[in-house]
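Okay, here's what each chain looks like letter by letter:
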Protein chains: 2
Amino acid sequence: MTDKIEIHPEGRAEPRPDETLLQGLGPLPGSRRVYVRGSRPDILVPMRAVDQDQTQLPDGRVEVNPPVFLYDTSGDFGDPEKKVDIARGLPALREPWIEERGDTETTAAPASRFGRECEADSEAAPLRFNRTRPIRQARGGRSVTQLHYAKAGIVTPEMEFAAVRENMNRRAYEESLQKLPPEERRLLLAQHPGRPFEAEIPPEVTGEFVRREIAAGRAVLPANINHPESEPMLIGRSFLTKINANIGTSAVSSGIAGEVSKMLWSVRWGADTVMDLSTGRHIHETREWILRNSPVPIGTVPLYQALEKVKGVASDLSWEVYRDTLIEQAEQGVDYFTIHAGLRLEHIPLTLPRLTGIVSRGGSIMAGWCIAHREENFLYSHFEEICEILRRYDIAVSLGDGLRPGSIYDACDAAQKAELRTLGELARVARSRDVQVLIEGPGHIPMQRVMENVEDELAACDEAPFYTLGPLTMDCAPGYDHITSAIGAAMIGWRGTAMLCYVTPKEHLGLPDREDVREGIVAYKIAAHAADLAKGLPGAQIRDNAMSKARFEFRWLDQFHLGFDPEKALAMHDETLPKESMKKAHFCSMCGPKFCSMRISEEVRQWALKEGLAGRAPSGR
Amino acid sequence: MTDKIEIHPEGRAEPRPDETLLQGLGPLPGSRRVYVRGSRPDILVPMRAVDQDQTQLPDGRVEVNPPVFLYDTSGDFGDPEKKVDIARGLPALREPWIEERGDTETTAAPASRFGRECEADSEAAPLRFNRTRPIRQARGGRSVTQLHYAKAGIVTPEMEFAAVRENMNRRAYEESLQKLPPEERRLLLAQHPGRPFEAEIPPEVTGEFVRREIAAGRAVLPANINHPESEPMLIGRSFLTKINANIGTSAVSSGIAGEVSKMLWSVRWGADTVMDLSTGRHIHETREWILRNSPVPIGTVPLYQALEKVKGVASDLSWEVYRDTLIEQAEQGVDYFTIHAGLRLEHIPLTLPRLTGIVSRGGSIMAGWCIAHREENFLYSHFEEICEILRRYDIAVSLGDGLRPGSIYDACDAAQKAELRTLGELARVARSRDVQVLIEGPGHIPMQRVMENVEDELAACDEAPFYTLGPLTMDCAPGYDHITSAIGAAMIGWRGTAMLCYVTPKEHLGLPDREDVREGIVAYKIAAHAADLAKGLPGAQIRDNAMSKARFEFRWLDQFHLGFDPEKALAMHDETLPKESMKKAHFCSMCGPKFCSMRISEEVRQWALKEGLAGRAPSGR
């Protein structure tokens, strides 16, 4: 794979990325790319088929273990048959769908002043992605949002694509089990009853169900018409719990190639969306490279760039600068914007009794602006205009929690609650303007108060999908906040949070490197999967059942491949038992060859068979 | 510290441990050893006092940040003033307390046959710890257990020691805050209301409260009279949630020096008990080295060694071999035994419908024995005799869950539940014989079924302390099971599990190395602390509040030192900002110098002060 990813051309100012940045970006080992077709030939949803060895039964027969299907966020980068040239970007999968709706038009020049300046900036020329596709916008001020179509009763190809993805090819898996004895089939498909709270969990996700959830505002499908490369995905509590990974340059470190590489690395490990939180130089150019190569929706916080434009002086921010930034990023293709419109002037004094004040970057910038001007937050006062812009590109608004608690002490305080009420008010405005809405949530919350945060949000915001940062369940484990927060994330996901923003081990300490990003994503895949099992999403337990069968049968490679991180699992196994033959050994280093509990329990089964107790056991076991 | 730990003498067969085994075993950086005295001069409870820098207030004044106290499991190894010679072991802290009770006697020769054989084994001589203290046992068959004393109304020095430890010197901390303005004091002592379910949480732990909880069987204080080096600690749901780390040689790897080093490493990071699960050669000798140097209670599974004695053939096990092993280990000083007495012959067919059979090593050995002999589990049928042995040394019994589920599929099944009922029956037998009882629990449990496991256990076992392995909330993340299980552990701890057995990243893959042990322990310290916050244990939030204040004030070193892993926090911070001056920088690498949200929110406070809104803010903020 490495040899297929290059950043062209040579000789640009941006230093050619060193090899380490491009290493390890290929498909995850042990799985095969397949595409599940929807109702039309251009709905082809990528999945990973994890092939498994057959089982050697004690009586000499063999039993087939069909492949397990997992949805795949890595786009064409995860398909060994496809060659991606980063300098050209991904193919525009959604372009025909957007075009056939006939409600958009293209334009040659950017509508944003800054966008035009960037195009004219010769200094940045060597860094620039060579974009060939024109900018697209709604024709005649129409709504071109998935919410608009959903309200109108239209099931878009995007909705159907996302629906197919949610089902993870479960029918094919079930059919492949038909060859197995009924007892074995029952084992592999069994699942504990879930507790989904108020979420409706359909037996199968259909395009129509997706439409209904989007129309009701309970689900969001972020899909800017200028990011046709993205593969549609859903955020809603009736669906698989999603995770977001943050990347971004900052004043202190990083660069364009590094950020593109981090994005690709993130989607390889399973990030469902990526937020580009860059704050350093060349934000515009970095974002373009990321968008043109991202198979997943990209989110940003436009305020960060607006602040750069006024040289970091919060009080110099203005609606005009911000508005131009929204349009600039809208035209590039950002799929959702975090907008801190809920932090009102009157909320600011509520933060005074806090231990850690305002920890949200966006929140503190807007608070700084409000007090400098003694004026209401211009994002709040211009919120309807913001929605007018967003609906012309189908950008979802993620209403930022600028007053989220940054410590256990500040959790669930008056400032947080006051802002949440405003977020609910804004959510209603956005929806009435056909803009899809997410609500951002905390932060730091002790475990016994995690669930009430979802309840409050659903009530205040008419069930808009909740999107939380963790929450961290304590303050005192720097270096391990992927774990302190995975606990909170799993619980809040179970209760109904639709997307979990990851936290890496470097939280509070520094910028995450590649390994931190991987650790953070896997920790959040775990939290999301724990939530899906607990809610009882259909088929959620298939992967666990397959893994446990592989474990019981000592199919080591299958265990690695079915896991969230096949490479680490293999490496860890090989630390103790590196020989190739040990991949088939009927023991492991934990107990050694003479002492294996799994082997002994196999003997118990054999005894039971002999004793005539086998009627209770699955055949062949 | 490294230079103080040596294994003497030279020239023994056991290879001298290489330097890497002894590295990094000194006290954690940034804290100072203090001792909190109880009612008598020999009750001196070790704590770590985490000293903090003062705060520079905006008005030029400084504010003192008093040290935060944390209990310390590292014994004399964590005291830089004390030199420990591993070849001599730790001082026998509890010996005078045991002696003054006058109910024990010493004996020169081991009562166990195997113990005598080991003493006579010239081949093992070079490996042997040179024990000088005679073996101790109850005089005239008396009960010498903490449960016996508690029932008799006696508050032992052990109970008082453990009570002092639970309070973590909170009164001294509160007093040290008297100098601060009332608002600041309130901040640092504030805590969210907890939800302790049925657990009684006293405002302060007293020796009498400890006695009452032990007498009621709701708490266990493991304290073999032959392990007087151990520092008393409590396991009960009214107390701080405890964690156990497993170590142990196996047929495939490791050695004595490595295991002693792992034990010291474990207590350095905060393991409250350590289980020695060795299964390879020289189990007896390894255990002696560990016990003589362990400041925390040591647990074992005597069955593992009994099986070694019959060359690994489960069907050759007998009550005689097992009984001799109990006495052998009792005389060495093991503080608690995991005994798989609850797995009855009639339960075995209940495991046939399982996906992963019997995954407990002890459970599978006993199942193997039962079916080979068509006989009831001899641990069940001899349980009263077992209790007779245990009460003569004060060994707690940890009733093993030999039928714990090894996969999500098998969670909460009939086999698990049947065994739990038997564990309840055995718990009542043990208590009637004055033997302290813990109940072991799963395993693999999906999140929505975690809490019912505690409820079932408390009901079936008359509230005996629950001691669970995780539970893992899914099967499919090999390499990350410290995280899949930290989620379950935090939740089950909140619900009332008293001790959490750690799971390392190597679970299901291999034997944990030092870094795995550290990761596993810290993940479990996190789970335990999340549980303590959620239950609302008094003072649980002190550390978080102090950390968050340090964070808000950019006291970087204080943040590292207050964390669970000061060394990793420092190293991670230094990856991005290595310069010494950056430890005092009023920004971090996440946002850079111009963009710090914490700095901006400090400006908000300044504004509020000017605007006359300061009445709501703590003074000086």
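Residues numbered from 1 in each chain as written. Chains lettered and ligands numbered in written order. Predicted model: local features only at pLDDT ≥ 70, side-chain atom pairs only at ≥ 80, totals over all residues. Heavy atoms only, no water.

1. Concerning the pattern of salt bridges
Residues and elements named next belong to chain A. The full count for this structure, using the stated rule, is 106 salt bridges over all chains. For Arg133, the salt bridge is made with Glu229, and the minimal N-O distance between the two is 2.6 Å. In this pair, Arg133 sits in the loop between helix H3 (113-120) and strand S7 (135-138) while Glu229 sits in the loop between strand S8 (219-220) and strand S9 (235-236), placing the two residues 96 residues apart along the sequence. By the burial criterion, Arg133 is buried, and Glu229 matches it. Its salt-bridge partner being Glu463, residue Arg218 comes within 3.8 Å of it at the nearest N-O pair. Residue Arg218 is found in the loop between helix H8 (207-215) and S8, and its partner Glu463 is found in the loop between helix H17 (450-460) and strand S16 (466-469); the two are separated by 245 residues along the sequence. On the accessibility criterion, Glu463 (29% relative accessible area) is partly exposed. A network of salt bridges, in which partner residues are shared, links Glu95, Glu99, Arg131, Arg133, Arg136, Glu229, Glu288 and Arg292. (Salt bridge = Lys/Arg side-chain N within 4 Å of Asp/Glu carboxyl O. Helix = DSSP H or I, 4+ residues; strand = E, 2+ residues; numbered from the N terminus. Buried < 20%, exposed > 50% of the residue type's maximum accessible area, 1.4 Å probe, protein only.)

2. Considerations on the packing of helix H18 (residues 481-495) of chain A against helix H19 (residues 514-535) of chain B
Direction vectors running N to C along H18(A) and H19(B) enclose 45 degrees, while the axes themselves pass 10 Å from each other. Classed by the angle they form, the pair H18(A) and H19(B) counts as oblique. The handedness of the crossing between H18(A) and H19(B) comes out as right-handed. When H18(A) is examined against H19(B), the residues Ile483(A), Thr484(A) and Ile487(A) are found in contact with a partner set consisting of Ala523(B), Ile526(B) and Ala527(B). Across the contact of H18(A) with H19(B), the residue classes break down as five nonpolar, one polar and no charged. (Axes fitted to C-alpha atoms, helices over the stretch in contact; angles between N-to-C directions. Parallel < 35°, antiparallel > 145°, perpendicular 65-115°, else oblique. Left-handed = near helix turned anticlockwise from the far one by under 90°. Contact = heavy atoms within 4.5 Å. Nonpolar A, V, L, I, M, F, W, Y, C, P; charged D, E, K, R; others polar.)

3. A look at the UniProt feature "binding site: Zn(2+)" (unreviewed entry) in chain A
UniProt's feature table lists "binding site: Zn(2+)" (unreviewed entry) at His444(A) and His508(A), given in the numbering used throughout. These annotated residues cover 65 residues of sequence, and their C-alpha atoms lie no more than 12.3 Å from one another, placing them together at a single site. Classification of His444(A) as buried rests on a relative accessible area of 6%. Excluding residues within four positions of it along the chain, His444(A) makes contact with Pro405(A), Gly406(A), Ser407(A), Ile408(A), Ala411(A), Leu472(A), Met474(A), Asp475(A), His508(A) and Arg551(B). Side-chain polar atoms of His444(A) contact the backbone oxygen of Gly406(A), separated by 3.4 Å. (UniProt positions renumbered as here; feature names shortened; annotations may be inferred. Polar contact = N/O pair within 3.5 Å; in protein donor to acceptor, adjacent residues only side chain to side chain.)

4. Points about the sheet that holds strand S5 (residues 68-71) of chain A
All names here are of chain A. Here three strands make up an open sheet; going across it, the order is S1-S2-S5 and the pairing antiparallel. Of all the strands in the sheet, the pair left with one neighbour each is strand S1 (31-37) and S5. Taken pair by pair, the neighbouring strands of this sheet meet at an average axis angle of 40 degrees, ignoring direction. Pairing between S1 and strand S2 (residues 44-50): seven bridges, direction antiparallel. Among the inter-strand pairings, Arg32 is bridged to a residue of S2, identified as Ala49. (Pairing = 2+ DSSP bridges.)

5. Observations concerning the interface of chain A and chain B
On the chain B side, the residues contacting the 122 residues of chain A number 122 residues. Note that Glu575(B) and Lys506(A) form a salt bridge whose closest N and O atoms lie 2.7 Å from each other. Inspection of the region where chain A meets chain B yields 24 residue pairs in polar contact (both at pLDDT 80 or more). With twelve residues, helix H19 (residues 514-535) of chain A is the largest single contributor of residues to the side of chain A that touches chain B. Here the residues of the side of chain A that touches chain B sort into 65 nonpolar, 31 polar and 26 charged.

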